[in-house]
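Here is how the chains run, residue by residue.
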Amino acid sequence: SVALSADGTRALSGGADNTVRLWNLGTGKTIQTLKGHTGDVPNVALSADGTRALSGSFDQTVRLWDLGTGKTIQTLKGHTGTVRSVALSADGTRALSGG
């Protein structure tokens, strides 16, 4: 999936290469590649302020990312199958996921 930033200048995408990418829509270039999942990443969400990202993966985990550092803030485990949907609250403090 793809998520668009509130200001429309950046996009977040998940890929079959196990990564999450942040894109500059003006240039079409990758700003950041987030690595850590061990399976395809079919869904992503972006916080309203653009500082955090959430990703769900075939590896049965959800990752919360800090887009300032590119590092995982937290890895959430507990799904017993592919994580097919993720969502972040507007303030970025709550995450939801579904299989």
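Residues numbered from 1 in each chain as written. Predicted model: local features only at pLDDT ≥ 70, side-chain atom pairs only at ≥ 80, totals over all residues. Heavy atoms only, no water.

1. Re the sheet that holds strand β8 (residues 71–77)
Here is step 1 of the chain: The antiparallel open sheet is built from 4 strands, whose spatial order is β5-β6-β7-β8. A strand with exactly one partner marks an edge of an open sheet, and here the two such strands are β5 (43–46) and β8. Neighbouring strand axes in the sheet, compared pairwise and without regard to direction, differ in orientation by 20° on average.
Here is step 2 of the chain: As defined by bridge partners, strand β6 (residues 52–56) adjoins strand β7 (residues 61–66) across 5 bridges and the pair is classed as antiparallel. Within β7, the residue paired with R52 across the bridge is D66. (Pairing = 2+ DSSP bridges. Helix = DSSP H or I, 4+ residues; strand = E, 2+ residues; numbered from the N terminus. Axes fitted to C-alpha atoms, helices over the stretch in contact; angles between N-to-C directions.)

2. Let's talk about the pattern of salt bridges
Here is step 1 of the chain: Taken as a whole, this structure holds 1 salt bridge when the rule is applied.
Here is step 2 of the chain: The partner of D17 in a salt bridge is R21, with the nearest N and O atoms 2.9 Å apart.
Here is step 3 of the chain: Classification of R21 by relative accessible area gives partly exposed; the value is 25%. (Salt bridge = Lys/Arg side-chain N within 4 Å of Asp/Glu carboxyl O. Buried < 20%, exposed > 50% of the residue type's maximum accessible area, 1.4 Å probe, protein only.)

Any link to function would need more than the numbers given here.
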